[in-house]
Amino acid sequence: MVKAANSRGTAPGTPPRTRILIVGGGYVGMYTALRLQRKLRAGEAEVTVVSAEPYMTYQPFLPEAAAGAISPRHVVVPLRRVLGKCRIVIGEAERIDHAKRTVTVSTLATADEGTGPIEMEYDELVLAPGSISRTLPVPGLADYGIGFKTVEEAIGLRNHVIEQMDIASSTRDPALRDAALTFVFVGGGFAGVEALGELEDMARYASRYYHNIKPEDMKWVLVEASDRILPEVGPEMGVYTVRELRRRNIDVRLETRLESCENRVAVLSDGARFPTRTVVWTAGVKPHPILAASDLPKNERGRLACTSFLTVEGVEHAWAAGDAAAVPDITADETGRECAPNAQHAVRQAKVLADNLLAALRDEVLTEYAHKYAGSVASLGLHRGVAHIYGRKLKAYPAWFMHRAYHLSRVPSFNRKMRVLAEWTLAGLFKREIVSLGSLEHPRAEFELAAGGGPKPPPPPPASNPPQNGQG
């Protein structure tokens, strides 16, 4: 293991700069670093961001990216472009020793260097690693399940859906055709409902270009363990969403769980069985594993125990927000309630966290995080949506328009705003793109085939009467 270089005390006669280390380049990590680089005085501190990816993903746009309404590269924000005054380290944080003020990081060069992970020192730590998909021990899920949390998964799912339509169009096996045209989504939150709505809309449009596939040939199933979907938009809008999805012949099954998906058969707790080649898992998230590899205090659900000032409870020089942090909601009527782990809170918490960190460096008063819930918006496909904003309920086209307007205003950087707006404008003037680029997931396959001398001939069939006892 080697120690990372730092710039403390590089100029003779000047006090060393405070080293701020931000673990995570998502909502909290990027917005905190962005605010710090704008408000830090010259020479006051240096900010380092450790992120597994060189970009921040604007997750509310993943469903539209999967449907082809937005280019994948416009769903992400390059960290090096927006954080020009910060040091960006692309790597995975493996362990945090706050007692020693060190974070062990494995970078892209770690394996080639042969020296092991690097040890980065810090004075102030901001933990914002986000979350990962929360899976359950469902038989077959690890083999056949598809996630929907990253831009890679969103584009992979789009390619997969179109590929299944190609399989169904070309096969002569009715059972294979039915399985290819059956799509099961598990989880009735924003990710599951929006992904299902957008992809069903895309597949319905794409079917017009297949001579033997009609929209009614496809079967879309939404499985939700609770008694309603989209709880964030309220009971009334949740009921409307179920009605709208069922009107589109989407099979919505409430109070139902996925019991198994072995052998490409989705078995539900209500006894239903669906032969399917597509099981999309969006049933919740859990804290990032780096939290378990730290000596910082955590609650019973594995999230960091935090104060309303966004400091980690019981320790100094440690801050946290977003999905990884259990932040008390001081605006709630009942005591002990925590802020929901969603993007709306994460973006606002990042602003308070950055200001409080600066206040701590300057011996100023910290501010508590207090936020009244503004509401939620959800897209159900082109020109369809639901919204509950400041107590006002919207549905259909007005809600869809509100969804786009809200997220366009929130996506980081003017550059991304203009690119997304341009794509939406062009999409209104021209037809959808329905091409699958699944080969992008295996870019060397064609060259490997050429370098290997072309396709290998199939092995000869076994002899009908093999020789026995050495007799030919």
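Above this note sits the structure.
The shown structure was predicted, so the numbers you read here are calculated from the model rather than taken from an experiment. (Residues numbered from 1 in each chain as written. Predicted model: local features only at pLDDT ≥ 70, side-chain atom pairs only at ≥ 80, totals over all residues. Heavy atoms only, no water.)

### Details of the sheet that holds strand β15 (residues 258-260)
- With respect to topology, 3 strands assemble into an open sheet ordered β15-β16-β17, the strand pairing being antiparallel. Because the sheet does not close on itself, it has two edges, and the strands there are β15 and β17 (273-275). Ignoring which end each strand starts from, the neighbouring axes of this sheet average 35° apart.
- Taken together, the 2 bridges between β15 and strand β16 (residues 265-268) define a ladder with antiparallel strand orientation. Residue pairing across strands places Ser260 opposite Val267, the latter belonging to β16. (Pairing = 2+ DSSP bridges. Helix = DSSP H or I, 4+ residues; strand = E, 2+ residues; numbered from the N terminus. Axes fitted to C-alpha atoms, helices over the stretch in contact; angles between N-to-C directions.)

### What about the sheet that holds strand β18 (residues 278-281)?
- Overall, parallel pairing links the 5 strands, which are arranged β11-β18-β12-β13-β14 in an open sheet. Edge strands, defined here as strands with exactly one partner in the open sheet, are β11 (145-146) and β14 (250-253).
- Sheet analysis places strand β12 (residues 182-186) next to strand β13 (residues 219-223), joined by 5 bridges and oriented parallel. Its bridge partner being in β13, Phe185 is matched across the sheet by Leu222.
- In this fold helix α6 (residues 151-170) packs onto β11, β12, β13 and β18, with an angle of close to 160° to the strand it touches most, β18. (Contact = heavy atoms within 4.5 Å.)

### With respect to the side chain of Ser260
- Counting through the fold element by element, Ser260 comes out in strand β15.
- Within the local environment of Ser260, its side chain forms a polar contact with the backbone nitrogen of Glu262, the two atoms lying 3.2 Å apart.
- With residues near it in sequence (within four places) discarded, Ser260 still touches Val138, Pro139, Val265, Ala266 and Val267. (Polar contact = N/O pair within 3.5 Å; in protein donor to acceptor, adjacent residues only side chain to side chain.)

### Some points on the pairing of β16
- Burial along β16 is two-sided: the face carrying Val265 and Val267 and the face carrying Ala266 and Leu268 are both buried.
- Pairing of β16 with β17 involves 3 bridges; the strand directions are antiparallel. Bridge pairing in β17 places Val265 opposite Pro275.
- Connecting β16 to the next strand, β17, in antiparallel fashion are 4 residues, including Gly271 with a positive phi near 95°. (Buried < 20%, exposed > 50% of the residue type's maximum accessible area, 1.4 Å probe, protein only.)

### Section: the pattern of salt bridges
- Within the structure shown, the criterion is met by 19 salt bridges.
- Here Arg19 makes a salt bridge to Asp123, at a shortest N to O gap of 3.2 Å. Here Arg19 is found in strand β2 (residues 18-23), whereas its partner Asp123 is found in the loop between β8 (118-121) and β9 (124-127), with 104 residues between them in sequence. Comparing Arg19 with Asp123, the two get one shared label, buried.
- For Asp355, the salt bridge identified is with Lys39, shortest N-O distance 3.4 Å. Highlighted residues: Asp355 in helix α10 (residues 343-361) and Lys39 in helix α1 (residues 27-39), separated in sequence by 316 residues. (Salt bridge = Lys/Arg side-chain N within 4 Å of Asp/Glu carboxyl O.)

In short, the description is geometric, and any link to function would need to be established separately.
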